[in-house]
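# Chains, contacts and geometry: an overview
So the chains spell out like this:
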Amino acid sequence: MPFVNMGKKEINFKIVYYGPPMSGKTTNLEYLHTAIPDEQRGDMTMLATQQDRTLYFDFLPLESNAIKGFTSRFQLFTVPGQAIYNQTRKIVLTGVDGLVFVADSQWSVMEQNPISFQNLKDNLATYNRKLEEVPYLLQFNKRDLPDIAPMEYLDFMLNQGSVSVPSFEGAAVEGIGVFETLNTICKTVMAQFIKDNNMDINRDVKRSNPVVEGSAS
Amino acid sequence: MTTQALTTEQNETIDGLIQSILDECNASAVAVCGLDGNILAEKSGVASVADFSLANIVALAIGSFSTTKELAHLIGESSFKSVFQKGKKTGILIYELNDEFIIIMLFGEKTTEGLARLYLKSIAPKIEAVLDDAEGQTAGTAGAGAAFEIKKKENA
């Protein structure tokens, strides 16, 4: 849950990138780490196996002044995609404020997407939470590769909740869709935070500056 | 999505308590954080531990403690109260406050480990009391009022 420290004028938000193995969750964070100016981000921590597969999580802290008078801190986490690491996925989901589901667009691994999506719902249920109650969006990654499913197919497969959520095309390795995804989830999380605190200024959130901006192409 | 908040006074109380940990234990840095990753308060006694590196240390410490907690469950314990690691020059002590919060203390050669453990044990109930008071507190009840305002586009 968001944490507000009135003494320090800080608000902390936790955003988790979830999805099937090798879908590009870590690549999203790696791109952000290279593209966001040093003063707006911290070091990136990666807990990976010798084969560069995420073992526990990746972590990247960001800072923004998007909310007047407060420092907004966004803690970005990824989870390990491999099925055997479900316990660690559950731990990383503790207190999550916003979710990015990174789907793999390739036909060859298509069946992994709904499996991981259901796994996300199941793991949230262990905290008595429903996906529909957590701000989330979809990124259909690897759009730069051949043999990929149409966006409409992925939307049909994964965007069938009671409310349709934003979905983005991504080629995270080239940075395509990475900032759009991040800024949208950050704004969605902030809008939810403000709504929960009885201040309905969502209109202003939509008109607001990007929460973070990058310099790399 | 509920919100958790500390008032200015609660923040000052916790700041004072962790300052006493820094002073009494000769610690390098101390942080109070939630197992969800939120840093409630932190203080550093050395310039080399910058905010952001502390954020990374906290993320890893939470991961480590959460894993240890799951291990405890697997062998029939409710939790392990602390996790302790010591290197050649620097060590880390993680101490559980309650089910949701921990203290993380980084220390160097000047710290007496036994004393540090005892001191944390004595100070923990005082921090827990503040956190108990803050339970269920929202930004509004913590004194934010109508303070939250999203910055608009500069050219809007």
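In what follows, the structure referred to is the one given above.
Below you will find a few notes about this structure. The structure displayed is predicted, hence computed values, not measured ones. (Residues numbered from 1 in each chain as written. Chains lettered and ligands numbered in written order. Predicted model: local features only at pLDDT ≥ 70, side-chain atom pairs only at ≥ 80, totals over all residues. Heavy atoms only, no water.)

Turning to the overall build of chain B, a few remarks are in order. In terms of helices and strands, chain B carries four helices and six strands. Helices (α) and strands (β) of chain B occur, in sequence order from the N terminus, as β-α-β-β-α-β-β-β-α-α. Looking at the 156 residues of chain B, the share that counts as buried comes to 52%. Considering only intrachain contacts with a sequence separation of at least 6, the fraction spanning at least 24 residues in chain B is 56%. Only carbon and sulfur atoms are counted for the fraction: they give 51% of the accessible area of chain B, which is about 7,500 Å². (Helix = DSSP H or I, 4+ residues; strand = E, 2+ residues; numbered from the N terminus. Buried < 20%, exposed > 50% of the residue type's maximum accessible area, 1.4 Å probe, protein only. Contact = heavy atoms within 4.5 Å. Areas by Shrake-Rupley, 256 points an atom, 1.4 Å probe, with all protein chains shown as cover.)

For side chains of opposite charge, pairing can occur when their charged atoms come near one another. A full pass over the atoms with the stated rule returns eight salt bridges over all chains. In this structure, the salt-bridge partner of A:Glu169 is A:Arg143, at a minimum N-O distance of 3.4 Å. You can see A:Glu169 sitting in strand β8 (residues 167–169) and its partner A:Arg143 sitting in the loop between β7 (136–141) and α4 (151–158), a full 26 residues away along the chain. With a closest N to O distance of 3.5 Å, B:Glu113 and B:Lys86 form a salt bridge. Of the two residues, B:Glu113 is situated in helix α3 (residues 113–134) and B:Lys86 in strand β4 (residues 82–86); the sequence distance between them amounts to 27 residues. (Salt bridge = Lys/Arg side-chain N within 4 Å of Asp/Glu carboxyl O.)

This paragraph deals with the packing of aromatic side chains. Enumeration according to the criterion identifies 10 aromatic pairs over all chains in this entry. For the pair A:Phe117 and A:Tyr136, a centre-to-centre distance of 6.4 Å together with 55 degrees between the ring planes defines the contact as tilted. Linking A:Phe117 in helix α3 (residues 112–125) with A:Tyr136 in strand β7, this pair joins segments that are 19 residues apart in sequence. Aromatic ring contacts, followed pair by pair, group A:Tyr56, A:Phe57, A:Phe59 and A:Phe77 into a single cluster. The ring centre of B:Phe84 lies 4.4 Å from the NZ or CZ of B:Arg117, which sits over that ring. (Phe/Tyr/Trp six-rings, centres within 6.5 Å; stacked < 30°, edge-to-face > 60°. Lys NZ or Arg CZ within 6 Å of the ring centre and 35° of its normal.)

All names here are of chain B. For α3, with 22 residues, the first-to-last C-alpha span of 30 Å sits near the 32 Å given by 1.5 Å per residue. Maximal helix bending in α3 amounts to about 30 degrees, located at Ile123; proline Pro125 follows within four positions. For α3, every residue scored as buried is listed here: Ala116, Tyr119, Leu120, Ile123, Ala124, Ile127, Glu128, Val130, Leu131 and Ala134. Each element contacted by the buried residues of α3 is listed here: β1 (4–6), α1 (8–25), β2 (27–34), β3 (39–44), β5 (91–96) and β6 (101–107). (Expected span 1.5 Å × (residues − 1). Bend = angle between axes of the 7 residues up to and from the residue.)

A separate point is the sheet that holds β3(B). Residue and element names in this part refer to chain B. Spatially, the five strands line up as an open sheet ordered β3-β2-β6-β5-β4, and their pairing is antiparallel. Each of the sheet's edge strands pairs with one partner strand only, and the pair in question is β3 and β4. Averaged over all pairs of adjacent strands, the angle between strand axes in this sheet comes to 10 degrees, irrespective of strand direction. Note: β4 against β5, five bridges, orientation antiparallel. When the sheet's bridge partners are listed, Phe84 is paired in β5 with Leu93. Contacting β2, β3, β4, β5 and β6, α3 crosses the sheet at an angle of about 40 degrees to β5. (Pairing = 2+ DSSP bridges. Axes fitted to C-alpha atoms, helices over the stretch in contact; angles between N-to-C directions.)

Time to look at the pairing of β3(B). All names here are of chain B. The pairing of β2 with β3 spans five bridges and is antiparallel. Note on β3: the bridge partner recorded for Ala29 is Ser44. Hairpin remark: β2 followed by β3, antiparallel, with four residues in the connecting loop; positive phi at Gly37, about 105 degrees.

Before going further, it helps to spend a moment on the nonpolar core. With 46 residues, the main nonpolar core has A:Val16 and A:Leu99 as its most contacted residues. In terms of residue count, helix α2 (residues 51–74) of chain B provides more of this core than any other element does, seven residues in total. Setting aside residues no more than four positions away along its own chain, A:Val16 makes contact with A:Phe77, A:Val79, A:Val92, A:Leu93, A:Val96, A:Gly98, A:Leu99 and A:Val100. If you look at the next biggest cluster of nonpolar residues, it comprises 38 residues, including A:Ile36, A:Ala66, A:Val212 and B:Ala139. (Core = buried A, V, L, I, M, F, W, Y, C linked by side-chain atoms within 4.5 Å.)

Backbone geometry at A:Met22 places phi at a positive 60 degrees, although glycine is not the residue there. Along the chain, the position of A:Met22 falls in the loop between β2 (10–18) and α1 (25–35). Residue classification places A:Met22 among the exposed positions, given a relative accessible area of 53%. Its identity as a non-glycine residue notwithstanding, B:Asn26 has a phi of 55 degrees, on the positive side.

For the rest of this paragraph, the subject is the pairing of β2(B). All names here are of chain B. Along β2, eight of the eight residues are buried, which leaves the element largely enclosed by surrounding structure. With seven bridges joining them, β2 and β6 adopt antiparallel strand pairing. The residue bridging Ala27 from the neighbouring strand is Phe107, located in β6.

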